[in-house]
Amino acid sequence: MTTSAPRERNWRRVAGTMGAQVSNQVVTVATQVLLVPVLLHAWGVDRYGAWLLLSAIPTYLTLTDFGFTAIAKNEMTMSVARGERDAALRTYQSVFVLLCGISVLTMAVVAIAADWLHLTALWPLAGTSEVDAGRVLVILSLGVVLFQFMLLGAAGMRALGRPAEEVLWGATARLAEAAFAGAAALMGGDFVAAALAMLAARLLLTAALFVRLFFLARWLRPLGRHLSMSEMSRLLGPSLSYMCYIGGVAVMGQGPVLALGAIGSPRDIVVFSATRTLTRLGVSAANVLTFSLSPEYSRLFGSGDHQRFARFALAGIGLIAGMALIYVGALEWLGGTILAFWTSGEVVAIQPFLRLLLGAVACEMIWSAGFAPLAATNRHVGASHAFLAISLVAVGACFLLPPAFALSGIGIVLFVVNFTMILVIAWLARRHWRIR
């Protein structure tokens, strides 16, 4: 067999996963776009607004797994690549039991909160009774808890070398939830009926995923003798560190907007939000490729072929860096025109703010591409801590900017943050993989 054959298989798997990622994005956008008019027609503006309020609260529970499912996904993939099924089972069964315990505690807290908070006094819920509001909160929270188990099932699918199928299961679940909720509303159902319909869809798809796993690999059982407290303890550090990365993303996502609210004008916020939305489209496109590469990073590193892993990672980073340069060049040329057309002339490109954001986005695309192989091999601890620390300092600095310098100042801060992260990632990559 030629040396190019394994490399071709790697890229074929990436292409398959990328196709699934594109389908996933299409499903996400389609469900968001199509479900809005359906629920507006069924419930009206006021009640739909109340539904959005209630359904927003449980989304924060997606963080209650503390990053364990993401870390388990990488660990299991690397273990199977090494031929160590017992190690993969130890991770799988330990995290499954951990999720069971977290789920019980989470639902107990949610049930108490739903009874204690008096939701109808906190928010305008368009005539929804206190009892129904509490029931909806509990039901939707239970769906989020089930989502954590689906993520663990997806980890099993990735470990078995089926990353494209892993993505498609998630897309199918979202599509089913939207369809069930829309159907319940159109049939005259209230919020409780829609929430129950979504829960039923999530339950059916989660059960189907675990049945599928059972027939693909009967050795991959969620319960058994491989349960290990020491394994939970070992995964704790990388899991909490991954939450630091998520925290950094949240800080950089909302922090500059809050800073502009304090030091700038409402128009500054509009200009910032519209310009950043446009410039960050490239990040979304790069993420599709990055997410497609991640399973291969885990598999190659786990197999022990670190030289091929390093070459593959550098190829992925180089590919995304090339995309970044082309994208930034195009927006440097056409960004102002697109922004004016998109906003009907309400927002115009402001220099050097647009150019600074483009530089920040290019740097973010590159360092995120470099972060992916670190995260896929659970070597992300230092990068995650650095990102959260840098983000907090940066957002704090944004609040100290003079009002007249608000937009350009925040543009400089964003560029510095993302350029600094390139340096951090490069240093960590050399240290972990001894890249010369």
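Only a predicted model underlies this, so the values are computations on that prediction, with no experimental measurement involved.

What should I look at first to understand the packing of helix α3 (residues 85-116) against helix α8 (residues 229-263) in this one?
Working note: a packed helix pair is described by the angle between its axes plus the distance between those axes. Axis separation between α3 and α8 bottoms out at 9 Å; the angle between their running directions is 85°. Classed by the angle they form, the pair α3 and α8 counts as roughly perpendicular. Judged by residue contacts, R90, T91, S94, V95, V97 and L98 of α3 engage E231, M232, R234 and L235 from α8. The class makeup of the residues in the contact of α3 with α8 is five nonpolar, two polar and three charged.

Before we go on, may I ask you to explain the confidence of the model for the protein in this structure?
Confidence in the prediction for the protein averages 85 pLDDT; 94% of positions are at 70 or higher. Per-element confidence in the protein ranges from a low mean pLDDT of 70 for helix α4 (residues 119-122) to a high of 93 for helix α7 (residues 191-216).

What should I look at first to understand the packing of aromatic side chains in this one?
Centre distance and the angle of the planes are the two values used to describe a pair of aromatic rings. Evaluation of the coordinates by the stated rule reveals 16 aromatic pairs. The interplanar angle of 70° and the centroid separation of 5.4 Å between the aromatic rings of F96 and F149 together place this pair among those described as edge-to-face. Of the two residues, F96 sits in helix α3 while F149 sits in helix α5 (residues 130-159), which places them 53 residues apart along the sequence. Residue F96 is classed as buried on the basis of its relative accessible area of 14%. Ring geometry for Y245 against F387: centres 5.9 Å apart, planes inclined by 40°, an arrangement best described as tilted. In this pair, Y245 sits in helix α8 while F387 sits in helix α13 (residues 381-398), placing the two residues 142 residues apart along the sequence. Grouped by ring-pair contacts, the aromatic residues Y242, Y245, W367, F371 and F387 constitute a single cluster.

I'm lost on helix α10 (residues 281-303) in this one. Help?
Within an α-helix, residues lying three or four positions from one another point in the same direction, as the helix has 3.6 residues per turn. Between its terminal C-alpha atoms α10 stretches 34 Å, which fits the 33 Å expected from 23 residues at 1.5 Å a residue. Maximum bend of α10: about 25°, positioned at L293, with proline P295 one to four residues after it. With 17 of 23 residues buried, α10 lies mostly within the body of the structure. Immediately downstream of α10, the backbone of G304 shows phi near 90°, a positive value.

Is there a simple way to think about the pattern of salt bridges in this case?
Should the charged atoms of two oppositely charged side chains come close, the side chains can pair. Within the structure shown, the criterion is met by 14 salt bridges. In this structure, E231 and R90 form a salt bridge, with 3.9 Å as the shortest nitrogen-oxygen distance. Here E231, found in helix α8, pairs with R90, found in helix α3; they are 141 residues apart in sequence, far enough to count as distant. Among the ionic pairs, R202 bridges to E177, the shortest N-O distance being 2.8 Å. Residue R202 is located in helix α7, and its partner E177 is located in helix α6 (residues 163-186); the two are separated by 25 residues in the primary sequence. Accessibility classification places R202 together with E177 in one group, the buried group. Through salt bridges with shared partners, a single network forms among E75, R90, E231 and R234.

Just checking my understanding: could you explain the packing of α3 against α5 for this structure?
The contact between α3 and α5 brings their axes to 10 Å, and the two run at 170°. In terms of orientation, α3 lies roughly antiparallel with respect to α5. Contacts between α3 and α5 involve Y92, V95, F96, L99, C100, S103, T106, M107, V110, A111 and A114 from the former and E130, G134, L137, V138, S141, L142, V145, Q148, F149 and L152 from the latter. Looking at the contact of α3 with α5, its residues break down into 15 nonpolar, five polar and one charged.

Help me understand the environment of P402 in this model?
In this structure, P402 sits in the loop between α13 and α14 (406-433). Distance from P402 to A207, taken between C-alpha atoms, is 55 Å for residues 195 residues apart in sequence.

How do you make sense of the nonpolar core when you look at a structure like this?
Note on soluble globular proteins: their nonpolar side chains tend to be buried together. With 63 residues, the main nonpolar core has Y297, W367 and I410 as its most contacted residues. When contributions to this core are tallied by element, the ones reaching two or more residues are α8, α9 (266-279), α10, α11 (306-342), α12 (353-376), α13 and α14. Ranked by the residues each element gives to this core, the list is headed by α12, at 16 residues. Residues I71, M76, A173 and M232 belong to the second largest nonpolar core, which totals 33 residues.

Looking at this structure, how should I read the environment of R299?
Positionally, R299 belongs in helix α10. Taking the C-alpha atoms as reference points, R299 and I338, separated by 39 residues in sequence, lie 41 Å from one another. Look past the residues within four positions of R299 in its chain and what remains in contact with it is R13, T77, A81, R158, G161 and P163. One polar contact links R299 to E296, side chain to side chain, over a distance of 2.7 Å.

So, how was this worked out
Residues numbered from 1 in each chain as written. Predicted model: local features only at pLDDT ≥ 70, side-chain atom pairs only at ≥ 80, totals over all residues. Heavy atoms only, no water. Axes fitted to C-alpha atoms, helices over the stretch in contact; angles between N-to-C directions. Helix = DSSP H or I, 4+ residues; strand = E, 2+ residues; numbered from the N terminus. Parallel < 35°, antiparallel > 145°, perpendicular 65-115°, else oblique. Contact = heavy atoms within 4.5 Å. Nonpolar A, V, L, I, M, F, W, Y, C, P; charged D, E, K, R; others polar. pLDDT = per-residue confidence, 0-100. Phe/Tyr/Trp six-rings, centres within 6.5 Å; stacked < 30°, edge-to-face > 60°. Buried < 20%, exposed > 50% of the residue type's maximum accessible area, 1.4 Å probe, protein only. Expected span 1.5 Å × (residues − 1). Bend = angle between axes of the 7 residues up to and from the residue. Salt bridge = Lys/Arg side-chain N within 4 Å of Asp/Glu carboxyl O. Core = buried A, V, L, I, M, F, W, Y, C linked by side-chain atoms within 4.5 Å. Polar contact = N/O pair within 3.5 Å; in protein donor to acceptor, adjacent residues only side chain to side chain.

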